[in-house]
Structure formats: C-alpha cells, structure tokens
Amino acid sequence: MAFAFYSVLIFFLIFSFLLIMLVLIQKGRGGGLTSAFGGAGGNTAFGSKTGDVLTWATSIFFGLFIILAVTLNLLANHVGKPPPAQTAVTSPLSSGGSSSPSPAIPVPPPAPSR
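Conventions adopted
- Residues numbered from 1 in each chain as written.
- Predicted model: local features only at pLDDT ≥ 70, side-chain atom pairs only at ≥ 80, totals over all residues.
- Heavy atoms only, no water.
- Patch = residues over 30% accessible without salt bridge, like charges linked within 9 Å, V, L, I, M, F, W, Y side chains within 5 Å.
- Areas by Shrake-Rupley, 256 points an atom, 1.4 Å probe, with all protein chains shown as cover.
- Salt bridge = Lys/Arg side-chain N within 4 Å of Asp/Glu carboxyl O.
- Helix = DSSP H or I, 4+ residues; strand = E, 2+ residues; numbered from the N terminus.
- Buried < 20%, exposed > 50% of the residue type's maximum accessible area, 1.4 Å probe, protein only.
- Core = buried A, V, L, I, M, F, W, Y, C linked by side-chain atoms within 4.5 Å.
- Contact = heavy atoms within 4.5 Å.

Novice: How do you make sense of a nonpolar patch on the surface when you look at a structure like this?
Specialist: Taken together, the side chains of Ile10, Phe11, Ile14, Phe17, Leu18, Ile20, Met21 and Leu24 make up a nonpolar region of the molecular surface, amounting to roughly 720 Å² of accessible area. Here Phe11 lies in helix α1 (residues 2-25). Residue Phe11 is classed as partly exposed on the basis of its relative accessible area of 47%.

Here's what the structure looks like:
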C-alpha cells in the first residue's frame, strides 16, 4: 500500500509542475509570462490555434490532477492507519473443560484472623 501511495505522490508532483508550466505558457489578456519566453514568436510555434491547443491540454492536465489528488487522499487515509487489532476469542473448552477462567495473577491466601 505504501508503494502505491508514494508512486501516486510522485505522479501528483510531476503533474502539478507540468500544470503550472502549462498555465504560465498561455497568453493571457495582458500577455502574462508568455512575453518572457519569446513574446509573439510563441504563437507561431504550434500554429495559429495555439490558444485552443493549450486550453485543451490544460483541461486534460487539470482532470488528471483532480483524479490524482482524490486517489492520493484515499491512499493517504489507508497508509497511516494501523491494522485492526485481533481479539482473542476463548471458548470454555480451551481451558481444560472448566467453565471458569483461571486468573492471570495469583491471589494470595487470606490473612489469618486473631
């Protein structure tokens, strides 16, 4: 169970980083950080429909991000829990046939009265 948790955690961190980069590449109303990576030349790298491709890719990555977040949460709930305690069930026949259980601590004899 721990292997699944840590592998999903690694995928979650990778998708988080890729989603951040994908959002930063997109051109916003004011240009955003797109101008820092080449300005208007970025629009011709993927064709004239760059906004549509990046919007589609962002939606896919966001969906995967949500699925990984829910999966990570479910796995985290199971990894931290200890296994349920096993309760010992004793039958009357297991103690030699007597119906009264033997005491675990020996009882001292009563003190003599004067």
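Novice: What should I look at first to understand the nonpolar core in this one?
Specialist: Buried together is how nonpolar side chains tend to be arranged in soluble globular proteins. By size, the foremost hydrophobic cluster in this structure holds 7 residues: Phe5, Val8, Phe12, Phe15, Leu68, Leu72 and Leu75. Of all the secondary-structure elements, those providing two or more residues to this core are α1 and α2 (50-79). Residue contributions to this core peak at 4 residues, all from α1. In contact with Phe15, not counting residues within four places along its chain, are Phe61, Leu64 and Leu68.

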